[in-house]
Amino acid sequence: MPSLLQQNAKAALVADLRARIIGPPAGFETTGNGRFVPLGVGAIDAVLPGGGLKAGALHEVGAEDYRDMGAATGFLAALAVRLAENGSMPVLWCGSAQSSFDIGALYGPGLASFGFDPARLVLALPASVTDCLWTMEEALRSGAFAAVIGEVDGRTTALDLTATRRLQFAAEEKGTPALLFTGHNGGAASVAVTRWRIAALPGAVIPDTEAFDGLAGAPCWRVALTRVRGGVPGAWNVAWHAADRRFALADMSASAPREKRLTSGDASVVAFRQSA
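First things first, this report covers the structure right here in the doc.

Rules of the game
Residues numbered from 1 in each chain as written. Predicted model: local features only at pLDDT ≥ 70, side-chain atom pairs only at ≥ 80, totals over all residues. Heavy atoms only, no water. Helix = DSSP H or I, 4+ residues; strand = E, 2+ residues; numbered from the N terminus. Expected span 1.5 Å × (residues − 1). Buried < 20%, exposed > 50% of the residue type's maximum accessible area, 1.4 Å probe, protein only. Axes fitted to C-alpha atoms, helices over the stretch in contact; angles between N-to-C directions. Parallel < 35°, antiparallel > 145°, perpendicular 65-115°, else oblique. Left-handed = near helix turned anticlockwise from the far one by under 90°. Contact = heavy atoms within 4.5 Å. Salt bridge = Lys/Arg side-chain N within 4 Å of Asp/Glu carboxyl O. Pairing = 2+ DSSP bridges. Phe/Tyr/Trp six-rings, centres within 6.5 Å; stacked < 30°, edge-to-face > 60°. Core = buried A, V, L, I, M, F, W, Y, C linked by side-chain atoms within 4.5 Å. Disulfide = S-S within 2.5 Å. 1 Å grid on protein atoms, 1.4 Å probe; cavity = no way out; pocket = protein on both sides within 12 Å on 5 of 7 lines; lining within 4 Å. Points joined across faces, edges and corners; volume = space filled by probe spheres on them.

Let us look at the environment of Ala 119. Mapped onto the elements, Ala 119 comes out in the loop between α4 (108–113) and β6 (121–124). C-alpha of Ala 119 to C-alpha of Pro 90: the two residues are 29 residues apart in sequence and 8.0 Å apart in space.

See the structure below:
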């Protein structure tokens, strides 16, 4: 039977791990590895501990449906722009040689129109999902990237609590944000600090904002925060202002005229993906 000293040491270790994963309570401000990045939408930032996304943490993004995969790519790109806005370090986007998703390769001009500089993008295509997770972890521990993004099907057995816990600790070690794109089939058990589900919406006409690529106004999503450690889940209609690199609540009553809209799924695929 464990001694009292061993029990206390174990309890202290569990408490420390819990605090490192969950992060500080709402309203807590810190710097360095505990940096928080506001999204620019008061309603969302208010429900996130620290008033924004924790930079040194793992965040999971998924699509509501298969047709929303391209839209979720755009949301990922927008998050990366926010998280990596200060500084000039590159952003790693990691998939695998045998892609988990059949939605095409990343499309540089589409990312650029979102405010994401393709010159800062480093693409990695390791041989397997396991290698992708290893690459992400090593990249996070290196401290050489402004953000690390990985595409891993949420159904794969390689993506479990152990794998996500390693990513969480690696992100925390250097204060580097990790974004995990799990597709449209839901995510497995995970220690991710936040979990988002993204659905495409018609582009909205935003006053005093240039139209996105001249097609359908500012890009918009239905953004559902389905889990947040230490915060409150919720859902919002959100637009992206590429010119000033920030999110805003979208007024869908001011959507682009029907004749200028592309379908919600196709619009995002055209903008961010191209045929493999």
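Structure's up, so let's keep going.
With 15 residues, helix α3 (residues 69–83) extends 21 Å from end C-alpha to end C-alpha; this agrees with the ideal 21 Å at 1.5 Å per step. Within α3, 15 of the 15 residues are buried, leaving the element largely enclosed by the surrounding structure.

On to the packing of helix α5 (residues 129–142) against helix α6 (residues 161–174), then. Running from N to C, α5 and α6 cross one another at 20 degrees; their axes reach a closest spacing of 8 Å. With respect to α6, the axis of α5 lies roughly parallel. Handedness of the α5/α6 crossing: left-handed. Counting all contacts with α5, which are made through Leu 133, Met 136, Glu 137, Leu 140 and Arg 141, the residues of α6 involved are Ala 163, Arg 166, Leu 167, Ala 170, Ala 171, Glu 173 and Lys 174.

The full count for this structure, using the stated rule, is seven salt bridges. Here Glu 172 makes a salt bridge to Lys 54, at a shortest N to O gap of 3.8 Å. With Glu 172 in helix α6 and Lys 54 in strand β2 (residues 53–54), this pair connects stretches of sequence that are 118 residues apart. Lys 54 shares its class with Glu 172; the two are buried. Across the pair Arg 195 and Glu 60 runs a salt bridge whose closest N-O atoms are separated by 2.8 Å. One end of the pair, Arg 195, is in strand β9 (residues 194–204); the other, Glu 60, is in strand β3 (residues 58–63), with 135 residues separating them in the sequence. Using a relative accessible area of 16% as the deciding quantity, one classes Arg 195 as buried. Accessibility expressed as a relative area gives 3% for Glu 60, which makes it buried. Through salt bridges with shared partners, a single network forms among Glu 137, Arg 141, Arg 166 and Glu 173.

A few words now on the pairing of strand β7 (residues 147–151). Within β7, five of the five residues are buried, leaving the element largely enclosed by the surrounding structure. Side chains Ala 147, Ile 149 and Glu 151 of β7 all project onto a buried face; the interleaved residues Val 148 and Gly 150 project onto the opposite face, where all are buried too. Where strand β4 (residues 91–94) meets β7, four bridges bridge the pair, whose relative direction is parallel. Within the sheet, the bridge partner assigned to Leu 92 lies in β7 and is Val 148. Bridge count between β7 and strand β8 (residues 178–181): four bridges; the pairing is parallel. The residue bridging Glu 151 from the neighbouring strand is Phe 181, located in β8.

On to the packing of aromatic side chains, then. If you walk through the whole model with that rule in mind, you get eight aromatic pairs. Arranged with centres 5.5 Å apart and planes meeting at 80 degrees, the rings of Phe 75 and Trp 221 form a pair that is edge-to-face. Here Trp 221 lies in strand β10 (residues 218–228) and Phe 75 lies in helix α3, a separation of 146 residues in the sequence. For the pair Phe 75 and Trp 221, a shared accessibility class is recorded, and that class is buried.

If you look at the biggest cluster of nonpolar residues, it comprises 46 residues, and the most contacted ones within it are Phe 75, Trp 196, Trp 221 and Phe 247. Residue assignment for this core shows that the elements contributing at least two residues are β3, α3, β4, β7, β8, β9, β10 and β11 (234–241). One finds Cys 132, Leu 140, Val 148 and Leu 159 within the second-largest nonpolar core, a separate group that totals 21 residues.

Okay, the state of the cysteines next. Per the stated rule, a full pass over the model turns up zero disulfides. The cysteine Cys 132 is free of any disulfide, with Cys 94 supplying the nearest cysteine sulfur at 3.4 Å.

Here we come to empty space enclosed by the protein. Which parts of space are left empty comes out when a probe the size of a water molecule is rolled across the atoms. Scanning the model with the defined rule gives one cavity of 30 Å³ or more in all. The calculated volume of the largest cavity comes to roughly 50 Å³. If you go around the largest cavity, you meet 11 residues; those closest to its centre are Phe 36, Pro 49, Gly 52, Lys 54 and Val 193.

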